[in-house]
Amino acid sequence: MTTVHLEVADGVGTLRLDRPPMNALDIATQDRLKELAEEAARRDDVRAVVLYGGEKAFAAGADIKEMRAMDHTAMIHRSGALQESFTAVARIPKPVVAAVTGYALGGGCELALCADFRIAGENAKLGQPEILLGLIPGAGGTQRLARLVGPSKAKDLIFTGRQVRADEALALGLVDRVVPAEEVYAQAHAWAARLARGPALALRAAKECVDTGLETDLTTGLALERTWFAGLFATEDRTRGMESFVADGPGKAVFR
């Protein structure tokens, strides 16, 4: 049974979780997610990506029954692959938006953290409840959450394991926009489609500079920015963008 699908339309690839009823992220789903994230990264017809779990739930977390059967040795071998599946999503060199409806808990929240932008429905609930199992987040939650909302807020969520509703998630900076639940996917797709019409190499450069810069010192980050900035002067998109600006003003360029 295929538990993740990649559907492409209008330059947007939708990575859709499909493991009813709550999209629990078992090993097969994690591996398929990695495979399709890498495919989306390669494909020229995919210029932006939407992460979606359907109308009922984004992803309620790991498959606890499956994890319960694993001992220390088994998890030593599996934990690397678990992180790699999420990192494959985070490293898609294109804009990625998470469309979050219903529960995004544990691994589900960690998956949303891999996106560049998060649109949540009014019915969304997010959190990192691993502490309630005697664990900590293992798919990047302790790292990406702290980078997104700051260490204090991250520790509050991780230490308590509490769930937050969409309005509090917005206040915390955990999501970027809250809309009616029935509009989540449409708005996420529209945001992605708009970016899909942009200059692909410049978007890739911007994402890499921001993400890598957050992981390094300012001097190294500025060097990366300088290299990409100069390099983009060799692209057709840069020529088109500047010629269009001079002739017609900003925002009129059509990029290939």
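J.: Would you mind going over the overall build of the chain with me for this structure?
T.: What the chain contains, in helices and strands, is 11 helices and 9 strands. By its C-alpha atoms, the chain is 60 × 40 × 35 Å across when sized along the principal axes. When the 256 residues of the chain are sorted by exposure, 43% land in the buried category. A total of about 13,300 Å² of accessible surface is found on the chain, and carbon and sulfur atoms cover 56% of it. Separation between the mean location of the 31 positive side-chain charges and that of the 34 negative ones in the chain comes to 1 Å.

J.: What am I meant to see in helix α5 (residues 141-149) here?
T.: Since the α-helix packs 3.6 residues into each turn, any two residues three or four apart lie on the same face. Listed in full, the buried residues belonging to α5 are G141, L145 and V149. Angularly, the buried residues of α5 cover 20° about the axis, an arc narrow enough to put them on a single face. Each element contacted by the buried residues of α5 is listed here: α4 (107-113), α6 (151-160) and α7 (166-172). Where α5 ends, the next residue or the one after it, G150, has phi of about 95°, a positive value.

J.: Even after reading the chapter, I still don't get the sheet that holds strand β3 (residues 48-52), so can you show me in this structure?
T.: Pairing between the strands of a sheet comes from backbone hydrogen bonds, and it takes one of two forms, parallel or antiparallel. Strand order in the open sheet formed by 6 strands is β1-β2-β3-β4-β6-β9, and the pairing between neighbours is mixed. Edge positions in the open sheet fall to β1 (4-9) and β9 (177-179), since each of these has one partner strand only. Geometrically, the sheet is characterised by an average inter-axis angle of 20° between neighbouring strands, direction not taken into account. Here strand β4 (residues 96-100) runs beside strand β6 (residues 117-121); their pairing, made up of 4 bridges, is parallel. Within β6, the residue paired with V100 across the bridge is A120.

J.: Please explain the packing of aromatic side chains as it appears in this structure.
T.: In this description, an aromatic ring pair is defined by two values, namely the gap between the centres and the angle between the planes. Going through the model one piece at a time under the given rule, you end up with 3 aromatic pairs. Where Y52 meets Y185, the ring centres are 4.7 Å apart and the plane angle is 35°; that geometry is what we call tilted. Remark: Y185 occurs in helix α8 (residues 184-196) and Y52 occurs in strand β3; sequence separation between them is 133 residues. A residue is classified by how much of its surface remains accessible, and Y52, at 9% relative accessible area, is buried.

J.: I keep staring at the pairing of β6 and nothing clicks. Help me out?
T.: Two faces make up the sheet, and in a regular strand the side chains alternate between them. Within β6, 5 of the 5 residues are buried, which leaves it mostly tucked inside the rest of the structure. What you see with β6 is no split at all: F117, I119 and G121 on one side and R118 and A120 on the other are buried throughout. For β6 and β9, the ladder comprises 3 bridges, and the chain directions are parallel. If you follow A120 over to β9, its bridge partner there is V178.

J.: Honestly, the packing of helix α1 (residues 27-42) against helix α3 (residues 72-90) in this entry has me stumped. Any pointers?
T.: Packed helices, taken two at a time, are described by the angle their axes make and the gap between the axes. At a closest axis distance of 8 Å, the pairing of α1 and α3 adopts a crossing angle of 40°. For the crossing formed where α1 meets α3, the hand is left-handed. Each of I27, Q30, D31, L33, K34, A37 and E38 in α1 lies in contact with α3, whose residues at this interface are R78, L82, E84, S85, A88 and V89. Of the residues belonging to the contact of α1 with α3, the class tally is 6 nonpolar, 2 polar and 5 charged.

Cut-off values and rules
- Residues numbered from 1 in each chain as written.
- Predicted model: local features only at pLDDT ≥ 70, side-chain atom pairs only at ≥ 80, totals over all residues.
- Heavy atoms only, no water.
- Helix = DSSP H or I, 4+ residues; strand = E, 2+ residues; numbered from the N terminus.
- Buried < 20%, exposed > 50% of the residue type's maximum accessible area, 1.4 Å probe, protein only.
- Areas by Shrake-Rupley, 256 points an atom, 1.4 Å probe, with all protein chains shown as cover.
- Lys, Arg positive; Asp, Glu negative; His and termini not counted.
- Charge placed at Lys NZ, Arg CZ, Asp CG, Glu CD.
- Arc of directions from axis to C-beta.
- Contact = heavy atoms within 4.5 Å.
- Pairing = 2+ DSSP bridges.
- Axes fitted to C-alpha atoms, helices over the stretch in contact; angles between N-to-C directions.
- Phe/Tyr/Trp six-rings, centres within 6.5 Å; stacked < 30°, edge-to-face > 60°.
- Left-handed = near helix turned anticlockwise from the far one by under 90°.
- Nonpolar A, V, L, I, M, F, W, Y, C, P; charged D, E, K, R; others polar.

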